[in-house]
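Residue strings, one per chain:
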Amino acid sequence: MEMLGSGEADLRRAGEALAAGRLVVIPTETVYGLGADAFNPGAVARVFEAKARPSFDPLIVHIASFDSIEKVARTVPLLARRLAEALWPGPLTLVLPKCPELPDIVSSGLDTVAIRFPSHPLARKIIEYSGTAIAAPSANPFGYISPTTAAHVARSLGDKVDFIVDGGPCAVGVESTVLDVSGEGLPTLLRPGGMPLERIREIAGEVLLPKMRGGPVASPGQLKSHYAPHTKLFLYDWMTSPDSIRIDKSARSAVIVFDALRSRAFKEVSLFDRVCVLSGRGDMREAAFRLFALLHELDAEGFDAIYAERVPEEGLGRAINDRLWRASRK
Ligand code: TXA
Ligand code: MG
């Protein structure tokens, strides 16, 4: 594996490597993606292999202009067009009818395809230099925490990819929101993520929220064990009284809380070896930005257990709670 930087020559190399069928890890505003030419089935197969990802879990196709949507989608329903116009580029993935030219391996045989136009300037340039569309799942081994730095990727997938483009930490920090707009009916939220549901509702009006907890798996991203650290993680409701949490006092444990207020409450009981705050000032964007890096860090430190308190269920809080829930022991 070779590390590349953000200079023009490196971005061009990354794009050309993708066009030649190589695997290139690219930074995006959400998380790092493990990219391959979406129209090269052999390269896409290597993505599944590198991640040990089951073949039934379809990939997101990344494009670098609105017009490129026509290369991958068979049709673009009006609502999808309006959402794309209002919210792209950005952390929103739209599921649309798939065009027949796109290899079936990308969509795991479904007749729909997930499409995203990332806002990250490096991602956009790399895709442009590649001259194609880029299939890219998050660049983590299947089921593990998504990477928000190049170092996270190098540690877990370094020997399985050709290049990693280092673009620094990802600004949003949680994966894109996945919205199904492939049919004539109401749009359906398949995964809460970096684009707040409130923003989508401003454009789309009503959005269906399928029962995500323990219900049938409509999108494989809803598999309930996902994004999990190796360390056991236990999840509590927002504003749980710290005294009521039963923990093994002989174990080394860390707790993750939302803001300074909750941090004080947890420090007072001194039950935990470490109290980690997502955002001292209670800023949901900062909390999302820090979440995965913190999980990576705690996982590397060898705690016996991680405890986490839900955050308020608003804006990016929905995505944070979703990822914490998937990371937790059920
Ligand atoms: O922010 C992101 O979305 C990142 C960056 C790299 O763009 N990518 C990412 O990809 O999170 P991945 O593969 O980890 O998650 C893609 C999600 C999965 O939950 C997958 O099941 C869902 O999108 N998905 C893909 N194609 C789909 C389809 N045709 N119908 C329903 N869900 C689909
Ligand atoms: Mg993923």
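Summarised in this report is the structure supplied together with it. The structure presented is a predicted model; accordingly, all values stated were derived computationally and were not measured.

Our focus in this paragraph is the packing of aromatic side chains. Applying the stated criterion to the full structure yields 7 aromatic pairs. Measuring from ring centre to ring centre gives 6.4 Å for Trp88 and Phe117, while their planes differ by 75°; the resulting arrangement is edge-to-face. Note that Trp88 is positioned in the loop between α4 (78-87) and β5 (92-97) and Phe117 in the loop between β6 (112-116) and α5 (121-130), a separation of 29 residues in sequence. Consider the rings of Phe272 and Tyr307, whose centres lie 5.5 Å apart with planes at 65°: the pair is edge-to-face. You can see Phe272 sitting in the loop between α8 (260-269) and β13 (274-277) and its partner Tyr307 sitting in strand β14 (residues 305-309), a full 35 residues away along the chain. These aromatic residues form a ring-pair network of at least three members: Phe234, Tyr236, Phe266, Phe272 and Tyr307. Its guanidinium or amino end placed over the ring of Phe303, Arg252 lies 4.4 Å from that ring's centre, counting from NZ or CZ.

Residues Arg262, Ser263, Ala265 and Phe266 constitute the buried set of α8. With its buried residues spanning 160° around the axis, α8 presents them on a single face. Along α8, the residues that are exposed and aim more than 90 degrees away from the buried face are Lys267 and Glu268. Contact partners of the buried residues in α8: β12 (253-257), β13 and β14. With its phi angle positive at about 35°, Ser270 sits one or two positions after the end of α8.

Cut-offs used in this document
Residues numbered from 1 in each chain as written. Chains lettered and ligands numbered in written order. Predicted model: local features only at pLDDT ≥ 70, side-chain atom pairs only at ≥ 80, totals over all residues. Heavy atoms only, no water. Phe/Tyr/Trp six-rings, centres within 6.5 Å; stacked < 30°, edge-to-face > 60°. Helix = DSSP H or I, 4+ residues; strand = E, 2+ residues; numbered from the N terminus. Lys NZ or Arg CZ within 6 Å of the ring centre and 35° of its normal. Buried < 20%, exposed > 50% of the residue type's maximum accessible area, 1.4 Å probe, protein only. Arc of directions from axis to C-beta. Contact = heavy atoms within 4.5 Å.

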